[in-house]
Amino acid sequence: MTLPTHARTVIIGGGVIGCSIAYHLAREGRTDIVVLERSKLTSGTTWHAAGLVRRLRPSATLTKLINYSIDLYGELERETGQATGWTQTGSLTLATNPDRLTNIKCQVSLGRAFGLEAEVVDAARAKDLWPLIEVDDVIGAVWSPSDGRVNPSDVALALSKGAKSRGVKFFEDTAVTGLQKKGGRISGVEIGPHVIEADEVVIACGLWSRDVAEMAGAHMPLYGCEHFYILTKPLAEVQALGKGAHLPTLNDQDAFLYARDDVEGLLVGSFEPHAKGLPLSRLPADFSFDLLDEDWDHFMPMMENALRRIPALEQAEVRMLLNGPESFTLDSQFMLGESPEVPGLFLMGGMNSTGIALAGGAGKAMAEWIIAGEPTMELNEADIRRFSPEMNVLGALEARIPEVLGRHYDNPYQGRSMETARGQRRSPIHTGLVAAGARFEERGGWERVVHFGGENVHFPLSFGIPTWRDQVGQEVEACKTGAAILDQSAFGKIMVQGPDACAFLNHLCAAQMDVALGRIAYTQILNAQGGVESDLTVQRHGADCYLLVVGAAEVVRVLKRMRETKGAHHVEFTDVTSGYAILGLAGADAKRVLQATTTVHLPVLNRFQFAPFEIGLARCWVGKLSFTGEEGYELYIPSDMAMAAHEALVAAGASHAGLYASGSLRIESGYRAFGHELSPGTTPQEAGLGAFCAFGTGFVGEEAVKDRAVNRRIVSILFDDPNAIPIHDEPIYFAGQVVGQITSAAWSYRFGRSVALAMVTAPLDQLGTHTVVDGFAVEIACSRFTAKASLNPAKEAFV
Ligand SMILES: Cc1cc2nc3c(=O)[nH]c(=O)nc-3n(C[C@H](O)[C@H](O)[C@H](O)COP(=O)(O)OP(=O)(O)OC[C@H]3O[C@@H](n4cnc5c(N)ncnc54)[C@H](O)[C@@H]3O)c2cc1C
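Cut-off values and rules
Residues numbered from 1 in each chain as written. Predicted model: local features only at pLDDT ≥ 70, side-chain atom pairs only at ≥ 80, totals over all residues. Heavy atoms only, no water. Helix = DSSP H or I, 4+ residues; strand = E, 2+ residues; numbered from the N terminus. Rg over C-alpha atoms; globule rule 2.2 N^0.38 Å. Buried < 20%, exposed > 50% of the residue type's maximum accessible area, 1.4 Å probe, protein only. Contact = heavy atoms within 4.5 Å. Areas by Shrake-Rupley, 256 points an atom, 1.4 Å probe, with all protein chains shown as cover. Lys, Arg positive; Asp, Glu negative; His and termini not counted. Charge placed at Lys NZ, Arg CZ, Asp CG, Glu CD. Phe/Tyr/Trp six-rings, centres within 6.5 Å; stacked < 30°, edge-to-face > 60°. Salt bridge = Lys/Arg side-chain N within 4 Å of Asp/Glu carboxyl O. Core = buried A, V, L, I, M, F, W, Y, C linked by side-chain atoms within 4.5 Å. Pairing = 2+ DSSP bridges. Axes fitted to C-alpha atoms, helices over the stretch in contact; angles between N-to-C directions. Polar contact = N/O pair within 3.5 Å; in protein donor to acceptor, adjacent residues only side chain to side chain. Expected span 1.5 Å × (residues − 1). Bend = angle between axes of the 7 residues up to and from the residue. Near = heavy atom within 4 Å. Nonpolar A, V, L, I, M, F, W, Y, C, P; charged D, E, K, R; others polar.

Student: Hey, could you go over the overall build of the protein chain for me, with residue numbers and the actual values?
Tutor: Each helix and strand counted, the protein chain has 20 helices and 38 strands in total. Expected size for 799 residues packed as a compact globule is a radius of gyration near 28 Å; at 27 Å, the protein chain falls within 12% of this value. Taken along the three principal axes of its C-alpha coordinates, the protein chain extends 85 × 65 × 50 Å. A total of 799 residues make up the protein chain; the buried ones form 61% of that total. Excluding contacts between residues fewer than 6 apart, the proportion of contacts in the protein chain whose partners are at least 24 apart in sequence is 72%. Carbon and sulfur atoms make up 51% of the accessible area of the protein chain, which totals about 28900 Å². Once the 70 positive and 94 negative side-chain charges of the protein chain are each reduced to a mean point, those two points are 3 Å apart.

Student: How would you explain the packing of aromatic side chains if you had to name every residue and give the values?
Tutor: Taken as a whole and judged by the stated rule, the model has 15 aromatic pairs. On the basis of an interplanar angle of 45 degrees and a centroid distance of 5.8 Å, the ring pair of Phe695 and Phe699 is categorised as tilted. On the basis of relative accessible area, Phe699 is assigned to the buried category, the value being 3%. Pairing Phe734 with Phe776 gives two aromatic rings, centres 4.8 Å apart and planes at 45 degrees, and the pair type is tilted.

Student: Can you break down the pattern of salt bridges residue by residue, with the values?
Tutor: Scanning all chains against the criterion turns up 46 salt bridges. Between Lys40 and Asp173 there is a salt bridge whose closest N-O contact spans 2.5 Å. Highlighted residues: Lys40 in the loop between strand S2 (33-36) and strand S3 (52-53) and Asp173 in the loop between strand S8 (169-171) and strand S9 (178-182), separated in sequence by 133 residues. Classification of Lys40 by relative accessible area gives partly exposed; the value is 34%.

Student: I'd love a proper account of the nonpolar core, names of residues and values included.
Tutor: Ranked by internal contacts, the top residues of the largest apolar core, which has 53 residues, are Ile12, Leu179, Val189 and Ile203. Take this core: its biggest share by element is five residues, from strand S12 (residues 222-232). Beyond its immediate chain neighbours, meaning those up to four positions away, Leu179 contacts Ile12, Ile186, Gly188, Val189, Val201, Ile203, Val212, Met215 and Ala216. Ile11, Ile21, Ile66 and Val150 belong to the second largest nonpolar core, which has 47 residues in total.

Student: How would you sum up the sheet that holds strand S27 (residues 572-575)? Please name residues and give values.
Tutor: Taken in spatial order, the five strands of this open sheet run S24-S25-S26-S23-S27, and their pairing is antiparallel. Of all the strands in the sheet, just strand S24 (520-526) and S27 have a single pairing partner and so form its edges. Taking each pair of neighbouring strands and ignoring which way they run, the sheet shows an average axis angle of 30 degrees. Pairing of S24 with strand S25 (residues 532-542) involves seven bridges; the strand directions are antiparallel. Considered in S25, the bridge of Leu526 is made with Val532. Across the sheet, helix H14 (residues 555-565) is in contact with strand S23 (492-497), S24, S25, strand S26 (545-550) and S27; its angle to S23 comes to roughly 20 degrees.

Student: Describe the sheet that holds strand S29 (residues 610-615), and please don't skip the residues or the numbers.
Tutor: Spatially, the six strands line up as an open sheet ordered S29-S30-S31-S28-S22-S32, and their pairing is mixed. At either end of the open sheet lies a strand with only one pairing partner, and these are S29 and strand S32 (655-656). Here S29 pairs with strand S30 (residues 618-623) via six bridges, running antiparallel. Counted as the bridge partner of Ile615 is Ala618 from S30.

Student: I'd like to hear about the environment of Ala216, residue by residue, with values.
Tutor: Of note, Ala216 is situated in the loop between helix H6 (209-214) and S12. Note on Ala216: relative accessible area 3%, which makes it buried. Between the C-alpha atom of Ala216 and that of Val342, which follows or precedes it by 126 residues, the distance is 7.4 Å. Here Ala216 is in contact with Leu179, Lys181, Ile186, Val342 and Leu345, once residues within four sequence places are set aside.

Student: Could you give an account of the pairing of strand S38 (residues 783-790), naming the residues involved and the relevant values?
Tutor: Bridge count for strand S33 (residues 713-719) against S38 is four bridges, and the pairing is antiparallel. Considered in S38, the bridge of Phe719 is made with Ala787. With six bridges joining them, strand S37 (residues 773-780) and S38 adopt antiparallel strand pairing. Across the sheet, the residue bridging to Ala777 is Thr786, located in S38. Counting the residues in the hairpin turn of S37 and S38 gives two residues, including Ala781, whose phi is positive at 50 degrees.

Student: Tell me about the side chain of Gln488, and please be specific about residues and values.
Tutor: In this structure, Gln488 sits in the loop between strand S22 (484-487) and S23. Using a relative accessible area of 4% as the deciding quantity, one classes Gln488 as buried. In this structure Gln488 touches Ile582, Gly584, Phe627 and Glu634, once residues within four positions along its chain are discounted.

Student: Could you give me a rundown of unusual backbone geometry, with the residues and numbers involved?
Tutor: Backbone torsion omega between Phe459 and Pro460 reads 0 degrees, so that peptide bond is classified as cis. Along the chain, the position of Pro460 falls in the loop between strand S21 (446-451) and helix H12 (469-481). At the junction of Ala762 and Pro763, the peptide bond is cis and its omega measures out at -10 degrees in the coordinates. When you line up the elements, Pro763 lands in the loop between strand S36 (753-760) and helix H19 (764-769). A positive phi angle, near 60 degrees, is found at Asp707, a position not held by glycine. Tracing the backbone shows Asp707 in the loop between helix H18 (702-705) and S33.

Student: An account of the environment of Asp721 is requested, with residue identities and associated values reported.
Tutor: Among the secondary structure elements, Asp721 is positioned in the loop between S33 and strand S34 (731-734). For Asp721, a relative accessible area of 27% gives the class partly exposed. Asp721 sits 337 residues away from Ile384 along the chain, and the two C-alpha atoms are 39 Å apart. With sequence-adjacent residues up to four places away left out, Asp721 is seen in contact with Arg753 and Phe785. Within the structure, the side chain of Asp721 is placed 2.7 Å from the backbone nitrogen of Asn723, a separation counted as a polar contact.

Student: Report on helix H2 (residues 60-80), specifying residues and quantitative values.
Tutor: Residues lying three or four places apart along an α-helix face the same way, a consequence of the helix completing one turn every 3.6 residues. Given a rise of 1.5 Å per residue, 21 residues ought to cover 30 Å, and the 30 Å separating the end C-alpha atoms of H2 matches this to within 8%. Where H2 bends most, at Gly74, the angle is about 35 degrees. Positive phi shows up at Gly81, right after H2, with a value of about 80 degrees.

Student: Tell me what's going on with the site of the ligand, and back it up with residues and numbers.
Tutor: Among the 38 residues in the neighbourhood of the ligand, the closest are listed as Glu37, Thr46, Leu52, Glu326 and Ala357. For the ligand, an oxygen atom lies 2.6 Å from a polar atom in the side chain of Glu326. Among the elements of the structure, helix H1 (16-27), S12, strand S17 (318-329) and helix H9 (355-372) are those that each provide at least two residues to the shell around the ligand. No other element matches S17, which puts four residues into the shell around the ligand. Looking at the shell around the ligand residue by residue, the class counts come to 19 nonpolar, 16 polar and three charged.

Student: Tell me what's going on with the pairing of strand S18 (residues 335-338), and back it up with residues and numbers.
Tutor: Alternating residues of S18 divide into Met335 and Gly337 and Leu336 and Glu338, and every residue in both groups is buried. Judged from the four bridges that link them, S18 and strand S19 (residues 345-349) form a sheet pairing that is antiparallel. Paired with Glu338 across the two strands is Phe346, which belongs to S19. The turn joining S18 and S19, which pair antiparallel and follow one another in sequence, is formed by six residues; a positive phi near 85 degrees is taken by Gly344.

Quick look at the structure:
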């Protein structure tokens, strides 16, 4: 077969991910697809994976993707004649402390919402299921009978066979050496002197993906780590199970271990807390079906944990300590999507050691995205647009990635934050926040303040009453009755200028943008299907000049939308995020404090108006709006003057509040947040924001949302029991049926109980006609808590 000179789609990389994308594209009817593999199929990371596939996951998206993978891996042999090695062994996840048990029970609750049967069992039953383990310290476990394992190479080969039978052409020993662009869009790939022109290119090069993406100037922030497991020779205890019998997969997350039987012996792997990063420069250019060096000194603490859990290992002869490379991402979620920088270039990788389990579902999601030009399901947590170019700094990746592997099994506590690669993006008032006792968390590279109790009130983390509850209560009170500074400087700021600025924004945004000078409009940006891509405020500074303020994690997404929507409009837009600080000033005393900083008269502003102002030595704009729903202002200050403004505010009596306080007030006020209540799959009407759509202005998504039936709604939830503390994504029941999930939750200081926002599908008729509907139950870690719901904000509905 000779290399073509043109293909509709070129996929680079013949690991399990590239093969899955090719298979699913072809199955969806795409033709003219070429897969290019530098060496042989599966020769990178795929061939040596442990092959474990576990359905129970911490999020709805991951659970759905992996469920699909498992169904597919069970069927592929029938379709292709190539076995995948799928064996349904079940899995057993141990807990040796109450928090671990809570965490794995949360996964059971979420799984049940998707029809997955999993059971919480005691230590004795765990021992029955895995007779080789010591259970003295086990306080409970989860038995998930539908989990299993595959042979990773066979999965990839079955996928490639299915793709080939539908006409996909695979070329091995064919390394891509360059990428070509025309007018900024991807236009082809280079294999030495040979060029294949392509409409779309997909990078699925595992560990090598970041460097391949760079060939086109695209960002793919991932980085390698060494990843270890041991393989033993046959063990009598395993042989005693009988021929063809298997142990379930064992997860002992408190000891950083997983294990399964392997050819009558054992395979024991780890996510050790102090992992070893792997710069690409350490891999030879011809790395293929290769492994990294054994490192027993490094693995020994894990081996000791393994010996404690599985005493039979004492007698085992270790066949090898396998050390293979795998790539990880800054936030431990994989990434997929179209490059924000290079249209037509699709990227998928950073599988964080779950690439085999995810390949089926995520490969299908990627294929559908390529065909539709948009995600076809909820993929926010994996969407590549969450990463800004600032996050693709090699130094940050080198510092962070070993920690990501090391914290693979961490409990997802509120207040948990990575410790490495810190201080990358700091607010212009960072030193002022430090002096005020800020406790920072890293979010998207930014140092964000969660509360002002310092380190002392932050630990220990738990799923119960947080140690900072009283501290945050004081900050909430300050946001209501005092004047509390909320640092929102991480918000994205985009300046839009040009004669068509208004027309362009009216096309981009759902609300009316032709507002008076000095007005601020709240709006959403929608996709063509009517889903919310971002929610933002827009300030009109001049006839031809606007400033957009968007969520910190949405800047890349919004800029991409703007480039796609620009068309023939005469307009320029510039990311000026680093140029301005944004400080909220919330509370009944905010007006007095602002005026006390200067002799310039504070302008009289109605809600959603802004005007120039001075704070002490600094110039700024002051806007009358608040992120919390309380009385207050937002101040937009040039970065170099922000400290001067901060000092003046503090001198005038302002205090501080962090994200936990503003989150609690936001949820009580029913304010929706992107990534929680708002997502590309949610319409404004579902989110209760239909009133902000200016129908008739021709905005993107207008046709899709006009007259569309609303089958689900965002509601406010108030728990009846003060002991109910939601953790994440909890399923909601009504009349015995699952009707939705929690999207955000917080402690309400107003009610002395948890409040939440949630998306529900029922009972919509009752919610529409009653202010408050009783009879809901939210399942938190396998326990159900009664709750009431309303379409109105909690602080109005439940008083
Ligand atoms: C020790 C270990 C155990 C694991 N266990 C599990 C497990 O139990 N369950 C699970 O789900 N996951 C597991 N994983 C993770 C899983 O193996 C990976 O996530 C998955 O294999 C990644 O697949 P990929 O296709 O992205 O990458 P790869 O398999 O590395 O494929 C990328 C391909 O791209 C090719 N390539 C690179 N550059 C170019 C170029 N310029 N031109 C052409 N081709 C190129 C490479 O040669 C390679 O074949 C494990 C990983 C390790 C290391």
